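In case you want the letters, here they are:
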Amino acid sequence: MQKNNLDDMDRRILQVLSRDGRASFQDVGKKVGLSSSPCWQRIKRMEEMGVIQGYEARIDLAELGYRDGLIVMLTLEHHSDEILVQFERALAEIPEVIEAYLVSGEHDYFIRIAVKDTRDYERLLREKLYHIPGLRHSVSSFVLRQLKATSVPL
């Protein structure tokens, strides 16, 4: 079965797991109308196919002291393979960067950053972000409120 050929039962299982990745096979099965054994088989198959790539806890970053979030759009000087590789490696080394995307359009990268406050963001800019080779321009916006967060459009 290919990833795009998931049936309705697979999609219902994914919905349950996207809300509670720690749910037991029995609990998932009960919510979707399967016994635990066929539910386990479907979940294992989707893991092997790469549809389910892992399980992780959702962390409240504010509880860890990261009270501010930013969306930052970045533009590079050049687009050679070497610059892209160097830039992406440098971004991967910055712990405050919690998501990073190469995008089309006016900017080259879209990143999401978690910081403790505005001074912490200033420090991040001066000490890390602005030292990445190839960066030409950045546009930052502070996140005022998160309206939606989901990993599955089911």
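Everything discussed here concerns the structure shown above.
Residue positions within a chain follow its written sequence, with the count starting from 1. Only residues with pLDDT of at least 70 are given local features in this predicted model, and only at 80 or more are side-chain atom pairs given and counted; all residues enter the totals for whole chains, interfaces and linings. The basis for every side-chain value is the complete set of heavy atoms in the structure, and neither hydrogens nor water enter the calculation.

Draft legend 1. View of the overall build of the protein chain. Put simply, DSSP marks the helices as runs of H or I at least four residues long and the strands as runs of E at least two long, and each gets a number from the N terminus on. Secondary structure assignment for the protein chain yields 5 helices and 4 strands. Put simply, the protein chain runs from its N terminus to its C terminus through helices and strands in the order α-α-α-β-α-β-β-α-β. Radius of gyration: C-alpha atoms only; globule rule: 2.2 Å multiplied by the number of residues to the exponent 0.38. For the protein chain, the C-alpha radius of gyration of 20 Å lies well beyond 15 Å, the compact-globule estimate for 154 residues. Once the C-alpha set of the protein chain is aligned to its principal axes, its extents read approximately 55 × 35 × 25 Å. Here the protein chain holds 154 residues, and 31% of them are scored as buried. What makes two residues a contact is simply this: any of their non-hydrogen atoms within 4.5 Å. Long-range pairs, those at least 24 residues apart, make up 65% of the contacts in the protein chain with a sequence separation of at least 6. Here the open area of atoms and residues is found with the Shrake-Rupley method and a 1.4 Å probe, where only the protein chains shown may cover a residue. In the form shown here, the protein chain has an accessible surface area of approximately 10700 Å², with 48% of it arising from carbon and sulfur atoms. Here the term buried applies to any residue with accessible area under 20% of the maximum for its type, exposed to any over 50%, and partly exposed to those in between, with areas from a 1.4 Å probe on protein chains only.

Draft legend 2. Structural detail: the layout of surface pockets. Here a cavity means grid points, on a 1 Å grid over the protein atoms only, where a 1.4 Å probe fits yet cannot get out; a pocket means an open set of points with protein on both sides within 12 Å along at least five of seven lines; lining residues are those with an atom within 4 Å of a point. Grid points are joined across faces, edges and corners, and a volume is the space filled by probe spheres set on the points. Of the voids in this model, the largest pocket is the one considered here, and its volume is about 1900 Å³. Taken together, 47 residues form the lining of the largest pocket, with Glu56, Arg58, Ala149, Thr150 and Ser151 sitting closest to its centre. Considering each element in turn, the lining of the largest pocket owes the most residues, 6 residues, to helix α1 (residues 8–19). Its residues assigned to classes, the lining of the largest pocket comprises 25 nonpolar, 9 polar and 13 charged. The classification used treats Ala, Val, Leu, Ile, Met, Phe, Trp, Tyr, Cys and Pro as nonpolar, Asp, Glu, Lys and Arg as charged, and all other residues, Gly among them, as polar.

Draft legend 3. Examining the sheet that holds strand β1 (residues 68–76) more closely. Paired strands, as defined in this entry, are two strands with at least two bridges between them according to DSSP. Across the sheet, 4 strands lie side by side as β2-β3-β1-β4; this open sheet has antiparallel pairing. With one partner strand each, in any of the chains shown, β2 (97–102) and β4 (135–142) form the two edges of the open sheet. Pairwise comparison of adjacent strand axes, ignoring direction, gives a mean angle of 20 degrees for this sheet. By the bridge criterion, 7 bridges tie β1 to β4 in an arrangement that is antiparallel. Within β4, the position partnered with isoleucine 71 by the bridge is serine 141. Helix axes are fitted only over the stretch in contact, all axes being lines through C-alpha atoms; the angle between N-to-C directions runs from 0 to 180 degrees. Sheet strands in contact with helix α5 (residues 118–127) are β1, β3 (109–115) and β4, and its direction is about 130 degrees off that of β3.

Draft legend 4. Region of interest: the side chain of threonine 75. Residue placement: threonine 75 occurs in strand β1. Residue classification places threonine 75 among the buried positions, given a relative accessible area of 6%. The contact partners of threonine 75, leaving out residues within four places of it in the chain, are Glu106, His107, Asp108, Gly134, Leu135, Arg136 and His137.

Draft legend 5. Main features of the pairing of β1. Here β1 lies mainly inside the structure; 8 of its 9 residues are buried. Examined bridge by bridge, β1 and β3 share 7 bridges and lie antiparallel to one another. When the bridges of β3 are listed, glycine 69 appears paired with alanine 114.

Draft legend 6. Expanded view of the nonpolar core. One finds Leu74, Phe87, Leu91, Ile111, Ile113, Tyr121 and Leu129 to be the most contacted residues of the largest nonpolar core, which totals 20 residues. Mapped by element, the contributors of at least two residues to this core are β1, α4 (81–92), β3 and α5. Non-local contacts of leucine 74, meaning those with residues more than four positions away in its chain, are made with Phe87, Leu91, His107, Asp108, Tyr109, Ile111, Leu129, Leu135, His137 and Ser138. As used here, the term nonpolar core means buried Ala, Val, Leu, Ile, Met, Phe, Trp, Tyr and Cys residues forming a set that is joined through side-chain atoms within 4.5 Å. In this structure, Val28, Ile43, Met46 and Ile52 belong to the second largest nonpolar core, which totals 13 residues.

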